[in-house]
Amino acid sequence: MSVPDYMQCAEDHQTLLVVVQPVGIVSEENFFRIYKRISSVSQISVRDSQRALYIRYRHHYPPENSEWGDFQTHRKVVGLITITDCFSAKDWPQTFEKFHVQKEIYGSTLYDSRLFVFGLQGEIAEQPRTDVAFYPSYEDCATVEKRIEDFVESLFIVLESKRLDRATDKSGDKIPLLCVPFEKKDFVGLDTDSRHYKKRCQGRMRKHVGDLCLQAGMLQDSLVHYHMSVELLRSVNDFLWLGAALEGLCSASVIYHYPGGTGGKAGARRFPGSALPAEAANRHRPAKGYFLSSPRCAGALTTNGINADTSTEIGRAKNCLSPEDIIEKYKEAISYYSKYKNAGVIELEACVKAVRVLAIQKRSMEASEFLQNAVYINLRQLSEEEKIQRYSILSELYELIGFHRKSAFFKRVAAMQCVAPSISEPGWRACYKLLLETLPGYSLSLDPQDFNKGTHRGWAAVQMRLLHELVYASRRMGNPALSVRHLSFLLQTMLDFLSDQEKKDVTQSLENYTSKCPGTMELLTLPDGLTLPPVPFTKLPIVRRVKLLDLPASLRPQKMKSSLGPSVSAKSPFIYSPIIAHSRGEERSKKIDFQWVQGDVCEVQLMVYNPMPFELRVENMGLLTSGVEFESLPAALSLPAESGLYPVTLVGVPQTTGTITVNGYHTTVFGVFSDCLLDSLPGIKTSGSTVEVIPALPRLQISTSLPRSAHSLQPSSGDEISTNVSVQLYNGETQQLVVRLENIGMEPLEKLEVTSKILTTKEKLYGDFLSWKLEDTLAQFPLQPGKVATFTISIKVKLDFSCQENLLQDLSDDGISVSGFPLCSPFRQVVRPRVESKPVNAAEGGRPGEPGHVKTLEAVLNFKYSGGPGHVEGYYRNLALGLHVEVEPSVFFTRVSTLPATSTRQCHLLLDVFNATEHELSVRARSDEELILHAGECQRMAIQVDKFNFESFPESPADKGQFANSKHLEEERQEARGLEINSKLDIHWTIISFSQTRGAQRVFLNDAHPSLKRTGEASVEGLLNQLVLEHLQLAPLLWDVLVDGQPCDCQAAACRVGDPVRLEVRLTNRSPRSVGPFALSVVPFQDHQNGVHSYDLRHAVSFVGSGTFYLDKVQPSGQAACLGALLFLYTGDFFLHIRFHEDGPSKELPPSWFCLPSVHVRALEAQA
């Protein structure tokens, strides 16, 4: 016997072998359709008996194997079923003759045979025959199973007769010697009468009878015969047959212990209730009592397949081996087989049977020993097909016992055998199919997602070799797409284990393949139905972090604030709900809190690096999104060899609104297109991948008339400023800033709001720093895309004009340089030349204007604009313009004081003005003449002003609610007073020349260059202390003196000598309290203009009546007057000094309240 049956199992020893073959030309489809129905009748219960009969069908069986039928009866072909097509009666004799020829091949061992004829009808088909069945067609053959059952019963009859014939003790007859084919020549000439020979004959016959009993369903009897045979054969050292008897004993014991079978699905026995043809259901059911696979036994198996409740059966069958003894007997039998070279097939099959039993017993290590022995059994020279079959079965058996890597090894050997050089037509498809089956054994999966789960499993070197073989096999199959897929898988999953040279070789091969067949993300379906998932290159390059970027500060959309506030949900009647807050928190864990805008370019930043030892070129890299129609703008990049983390920004434009999710990115590397999803990237960091896309908004671009600034403003609010401009101004100067607004978007600009914010500064700023009017600009709205609008912003810097550093010397009254205006000052105007040889503060090493160093003002202009669909949804954009202003000092007021004027309603304001610039400038108050100051020069200017009435300002905190306390109120009152005084003074300065040095010559640029003129305001706000303010304020009691009904304040009153002069003193009470009564005395005197006053004027001036005037009590806002008369007796200039009596209410009031004007009366000659 030279052809092993690798599907053999221990329970096959109880089966009858029936061969089913076609005769003539029969289509494969029709043959296997009938063969399947025939093989379904594999187990029946014998009529009028408690025994079961098992049939094993084969459609191909070598006739030489049947010659070993005496050695093991299950190898003998006892039944033949032939299938043929015959459509005419004239073909029938030839068909029947072929049937006889087929019978002769197995004729020596056949018990019975049948011929199934399809297509023949008529007289011949109607003749009743036992060995032939006629059917009109393959569809109309309902009685096939019934015919097979009858055929099996006939086999049983013959089997039973042979068993009885061999088992009957015929002491008078000579027992024949059963032999295997190779033994016949060895027994020629032996003494057949020797005791040794007879025992040999008896032992072999006992073993043969045991086989027949086992096939006939008599398990108990077969065990007895096997035991007797073992004793007889062991005594005569008949090792080959002793091994067969031991194997028979093991098979019977296995059938007893494992009624479910050891051969898996193929070898499993049918139990009651299993699917059988309806007609034969009763006949196929084994009888109760004797058959061991009864429901009671079949349902009581332990985890290793052994019958749990076998006490009664073992009590009756003491000859049954235990599970442990079964394996020992198998080992012994195999050791006996190994003594015979010609019994290699028997030995191999015994090893396979033992392995299947050990697999049931879960004894994998012992099973591996049997398989290892089977590997080294030397058979005849096997064909390539037989080698493939042998290695495949070894692989399946190793898989059965859990040796997955060993199984994969033999399956890979079988695959390589399919394309051995000795084969004229290599089977690359079979090789590829077998290689695919080895993948699980080497811990390989064709799904790249499995390699992202934890550490790498398996031997990487072996896995890479296997993947290379898959690539080569698929290429030889003529499937380049398959080659690209496997090579991509190799590069993606084994990248960490490839050497630098291997990486270069693999990528070069991949580029060669993809030049003919680019790699895609489509599923590849193999002919056998297996699908290969796509292999995205998530490691080329490796992405470590993905971050969705917010739009630039100037393009970020902002939601208009609701009147209810941000905490209220429009969908909930409750101000706060923990359920809503919790669900929002979960959503926020993945959704980002900023928005993208429809139609605007959006960015996603990836931090990538190149693990390859050479430059990596990535083409067509873009974003994968869902939820919103998105136009991805692909990018191409080149990463240096083994680069560190490298930022890559991918951009795209959302075309619709909604919620967009960034699922990943796509690349093309080495000709392979990859869709890399973020969920499948191991170790990636992301702050979220979902963002809301709002409706489109316009885009505003701003340009100004000022140059851009190198200073970048950093507002404390964190707002980003898109544009910074700067300007240099002198303190008090005003600059016009022209802003150009251009709509560069696709939506109309419908709404614009401009606000300003001055950044934190230590400097006190007076007046409006920035001012503008938007009416003319808004009249041009809506501003269509591409259109431009302009508006002007006035920049006015007005800081403190006082010299806080006190580095300048005050101008004293000795040697002062006073420049007064013709305001009728009571003193003379003196002008002295300035001392140029004495630089101010020269010891400090500074230039003349150093005390007023350059100061900085910073402000942010916010342009809040909206339009288009985004405006309808309540969104707007904010564009910030940073303004950096450097303020250089212009003039300083180093000292402020006052002098009384000739009128009690006026006073002189004295200002010491210092030129802090490097240029010559002029200072002008109102429309009076200019005061010229050279660089670093200080002069005093006197301005006659009317005293101010400050009654209109708040007097108490209750009058003005925004002031929190009296201190703030007083500050506000003082600022308001300073503002009013400054507006009345209207002091301006003008730089009238810029000096430049050209060699030794000094050039002055004057009025010929009006563009070089700089002008501004000089403010006294913040300079006026409380004392100065009191001097500039009208007293609460206003005193008026009238001479002959004419007010006498500044001018001299004229009268005639000898005429009485009427004198009236009026009092207006502006205070909140009542005053008086008062007593006043009038004292005349003459001023001799030399410091001598003459008060003895009794002969020159005479009072008409009393010289003392009395005023009654005056209520608030009330008036009072007293009258008197004087008579001048001589001509001349007379002065009247009016004084109050100190005794009385006048002592309680401050002296400043009693400021009466000086009365000057000029007496003239009397008219003739």
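Residues numbered from 1 in each chain as written. Predicted model: local features only at pLDDT ≥ 70, side-chain atom pairs only at ≥ 80, totals over all residues. Heavy atoms only, no water.

1. Let's talk about the overall build of the protein chain
For step 1, the next point in the chain: Scanning the protein chain from terminus to terminus reveals 25 helices and 48 strands.
For step 2, the next point in the chain: Per-residue burial for the protein chain yields a buried fraction of 49% across its 1168 residues.
For step 3, the next point in the chain: Long-range pairs, those at least 24 residues apart, make up 75% of the contacts in the protein chain between residues at least 6 apart in sequence.
For step 4, the next point in the chain: In the form shown here, the protein chain has an accessible surface area of approximately 57,300 Å², with 50% of it arising from carbon and sulfur atoms. (Helix = DSSP H or I, 4+ residues; strand = E, 2+ residues; numbered from the N terminus. Buried < 20%, exposed > 50% of the residue type's maximum accessible area, 1.4 Å probe, protein only. Contact = heavy atoms within 4.5 Å. Areas by Shrake-Rupley, 256 points an atom, 1.4 Å probe, with all protein chains shown as cover.)

2. Focus on the pairing of strand β48 (residues 1159–1164)
For step 1, the next point in the chain: Where strand β40 (residues 1053–1056) lies against β48, four bridges are found, and the strand directions are parallel. If you follow Arg-1056 over to β48, its bridge partner there is Leu-1164. (Pairing = 2+ DSSP bridges.)

3. Comments concerning the environment of Leu-770
For step 1, the next point in the chain: With respect to the helices and strands, Leu-770 occurs in strand β25 (residues 770–772).
For step 2, the next point in the chain: Setting aside its immediate chain neighbours within four residues, Leu-770 contacts Ser-756, Ile-793, Ser-794, Ile-795, Ala-859, Leu-861 and Leu-883.

4. So, the nonpolar core
For step 1, the next point in the chain: Membership of the largest hydrophobic core comes to 82 residues, with the highest contact counts inside it found for Tyr-432, Leu-491, Leu-540, Trp-596, Leu-606 and Phe-670.
For step 2, the next point in the chain: Among the elements that make up this core, the one with the highest residue count is helix α18 (residues 460–476) (seven residues).
For step 3, the next point in the chain: Both domains that furnish three or more residues to this core are identified here as domain 2 (443–535) and domain 3 (542–560 + 591–694).
For step 4, the next point in the chain: If you look at the next biggest cluster of nonpolar residues, it comprises 64 residues, including Ile-346, Cys-351, Val-352 and Leu-379. (Core = buried A, V, L, I, M, F, W, Y, C linked by side-chain atoms within 4.5 Å. Domains from an automatic or database assignment.)

5. Thoughts on empty space enclosed by the protein
For step 1, the next point in the chain: Enumeration over the complete set of coordinates arrives at six cavities of 30 Å³ or more.
For step 2, the next point in the chain: Taken as a whole, the second largest cavity spans an internal volume of roughly 70 Å³.
For step 3, the next point in the chain: Lining of the second largest cavity is provided by 11 residues; of these, Asn-731, His-853, Lys-855, Pro-889 and Phe-892 occupy positions nearest its centre.
For step 4, the next point in the chain: Of the residues assigned to the lining of the second largest cavity, the class counts are four nonpolar, four polar and three charged. (1 Å grid on protein atoms, 1.4 Å probe; cavity = no way out; pocket = protein on both sides within 12 Å on 5 of 7 lines; lining within 4 Å. Points joined across faces, edges and corners; volume = space filled by probe spheres on them. Nonpolar A, V, L, I, M, F, W, Y, C, P; charged D, E, K, R; others polar.)

6. Looking at the confidence of the model for the protein chain
For step 1, the next point in the chain: Counting all residues, the mean pLDDT for the protein chain is 81, and 83% of those residues have values of 70 or more.
For step 2, the next point in the chain: pLDDT under 50 marks residues 953–963. Its contacts with residues more than four places away, or in other chains, come to 17 contacts.
For step 3, the next point in the chain: In this model residues 995–1011 is a low-confidence stretch, pLDDT under 50, and it forms 20 contacts with partners more than four residues away in sequence or in other chains. (pLDDT = per-residue confidence, 0-100.)

7. Section: the packing of helix α12 (residues 323–337) against helix α14 (residues 364–375)
For step 1, the next point in the chain: Between α12 and α14, the shortest axis-to-axis distance is 12 Å and the interhelical angle comes to 15 degrees. In terms of axis orientation, α12 runs roughly parallel to α14. Our pair here, α12 against α14, has a crossing hand that is left-handed. Across from Ile-327, Tyr-330, Lys-331 and Ile-334 in α12, the residues of α14 making contact are Glu-366, Glu-369, Phe-370 and Asn-373.
For step 2, the next point in the chain: Residue classes in the contact of α12 with α14 are distributed as four nonpolar, one polar and three charged. (Axes fitted to C-alpha atoms, helices over the stretch in contact; angles between N-to-C directions. Parallel < 35°, antiparallel > 145°, perpendicular 65-115°, else oblique. Left-handed = near helix turned anticlockwise from the far one by under 90°.)

8. Considerations on the pattern of salt bridges
For step 1, the next point in the chain: Taken as a whole and judged by the stated rule, the model has 37 salt bridges.
For step 2, the next point in the chain: Ionic pairing is found between Arg-617 and Glu-619, a salt bridge with its closest N-O pair at 3.8 Å.
For step 3, the next point in the chain: For Glu-619, a relative accessible area of 41% gives the class partly exposed.
For step 4, the next point in the chain: One salt bridge in this structure joins Glu-1017 and Lys-798, with 3.6 Å as the shortest N-O distance. Of this pair, Glu-1017 sits in strand β37 (residues 1014–1017) while Lys-798 sits in the loop between β26 (788–796) and β27 (818–820), placing them 219 residues apart in sequence. (Salt bridge = Lys/Arg side-chain N within 4 Å of Asp/Glu carboxyl O.)

9. Looking at the side chain of Lys-76
For step 1, the next point in the chain: With respect to the helices and strands, Lys-76 occurs in the loop between β3 (52–58) and β4 (77–85).
For step 2, the next point in the chain: Filtering out sequence-adjacent residues up to four positions away, Lys-76 remains in contact with Leu-17, Ser-66, Gly-69, Asp-70, Thr-109 and His-208.

10. Structural notes on helix α2 (residues 92–105)
For step 1, the next point in the chain: Between its first and last C-alpha atoms α2 spans 21 Å; for 14 residues at 1.5 Å apiece the expected length is 20 Å, and the two agree.
For step 2, the next point in the chain: Those residues of α2 that are buried lie in contact with β1 (15–23), β4, β5 (112–118), α3 (123–126) and β6 (132–135). (Expected span 1.5 Å × (residues − 1).)

11. A closer look at the environment of Tyr-35
For step 1, the next point in the chain: Its place among the elements puts Tyr-35 in helix α1 (residues 28–39).
For step 2, the next point in the chain: Under the relative-accessibility criterion, Tyr-35 is labelled buried at 13%.
For step 3, the next point in the chain: When the C-alpha atoms of Tyr-35 and His-59 are compared, they prove to be 8.1 Å apart, with 24 residues separating the residues in sequence.
For step 4, the next point in the chain: The contact partners of Tyr-35, leaving out residues within four places of it in the chain, are Val-20, Tyr-57, Arg-58 and His-59.
For step 5, the next point in the chain: At 3.2 Å, the side chain of Tyr-35 and the backbone oxygen of Tyr-57 are in polar contact. (Polar contact = N/O pair within 3.5 Å; in protein donor to acceptor, adjacent residues only side chain to side chain.)

12. Topic: the packing of aromatic side chains
For step 1, the next point in the chain: Using the criterion set out here, one finds 29 aromatic pairs in the structure.
For step 2, the next point in the chain: Both rings, one in Phe-32 and one in Tyr-35, keep their centres 6.1 Å apart while their planes meet at 80 degrees; by these two values the pair is edge-to-face. With Phe-32 and Tyr-35 both in helix α1, this residue pair falls three residues apart, about one helical turn.
For step 3, the next point in the chain: A centroid spacing of 6.0 Å and a plane angle of 80 degrees characterise the contact between Phe-116 and Tyr-135, whose relative ring orientation is edge-to-face. Highlighted residues: Phe-116 in strand β5 and Tyr-135 in strand β6, separated in sequence by 19 residues. Tyr-135 matches Phe-116 in its accessibility class, with the two residues each being buried.
For step 4, the next point in the chain: Members of the aromatic cluster, joined through ring pairs, are Trp-68, Phe-71, Phe-182, Trp-241, Tyr-337 and Tyr-340.
For step 5, the next point in the chain: Lying across the ring of Phe-71, Lys-207 places its NZ or CZ 5.5 Å from the centre.
For step 6, the next point in the chain: When the ring centre of Tyr-876 is taken as reference, the NZ or CZ atom of Lys-864 above it lies at 4.4 Å. (Phe/Tyr/Trp six-rings, centres within 6.5 Å; stacked < 30°, edge-to-face > 60°. Lys NZ or Arg CZ within 6 Å of the ring centre and 35° of its normal.)

13. What about the side chain of Thr-538?
For step 1, the next point in the chain: Among the secondary structure elements, Thr-538 is positioned in the loop between β8 (531–532) and β9 (542–548).
For step 2, the next point in the chain: Accessibility expressed as a relative area gives 9% for Thr-538, which makes it buried.
For step 3, the next point in the chain: Among the polar contacts made by the side chain of Thr-538, one reaches the side chain of Gln-492 at a distance of 2.6 Å.
For step 4, the next point in the chain: Apart from the residues within four sequence positions on either side, Thr-538 is in contact with Gln-492, Val-543, Tyr-665, Cys-676 and Leu-681.

14. What to know about the sheet that holds strand β41 (residues 1060–1069)
Whether parallel or antiparallel, the strands of a sheet pair through hydrogen bonds between backbone atoms.
For step 1, the next point in the chain: Spatially, the five strands line up as an open sheet ordered β39-β38-β41-β46-β44, and their pairing is antiparallel. The sheet is open, and its two edges are formed by β39 (1046–1047) and β44 (1101–1104), each paired on a single side.
For step 2, the next point in the chain: Across four bridges, β44 lies against strand β46 (residues 1119–1128) in antiparallel orientation. When the sheet's bridge partners are listed, Ser-1102 is paired in β46 with Leu-1127.

15. What about the pairing of strand β34 (residues 938–946)?
For step 1, the next point in the chain: Within β34, seven of the nine residues are buried, leaving the element largely enclosed by the surrounding structure.
For step 2, the next point in the chain: Sheet topology places strand β31 (residues 906–915) next to β34; nine bridges connect them, and they run antiparallel. From the neighbouring strand, Leu-909 faces β34, where its bridge partner is Ile-943.

16. Thoughts on the state of the cysteines
For step 1, the next point in the chain: In this structure the tally under the stated criterion is zero disulfides.
For step 2, the next point in the chain: The closest cysteine sulfur to the non-disulfide-bonded Cys-431 is located on Cys-418, 6.1 Å from its own sulfur.
For step 3, the next point in the chain: Relative accessible area serves as the criterion here: at 1%, Cys-431 is assigned to the buried category. (Disulfide = S-S within 2.5 Å.)

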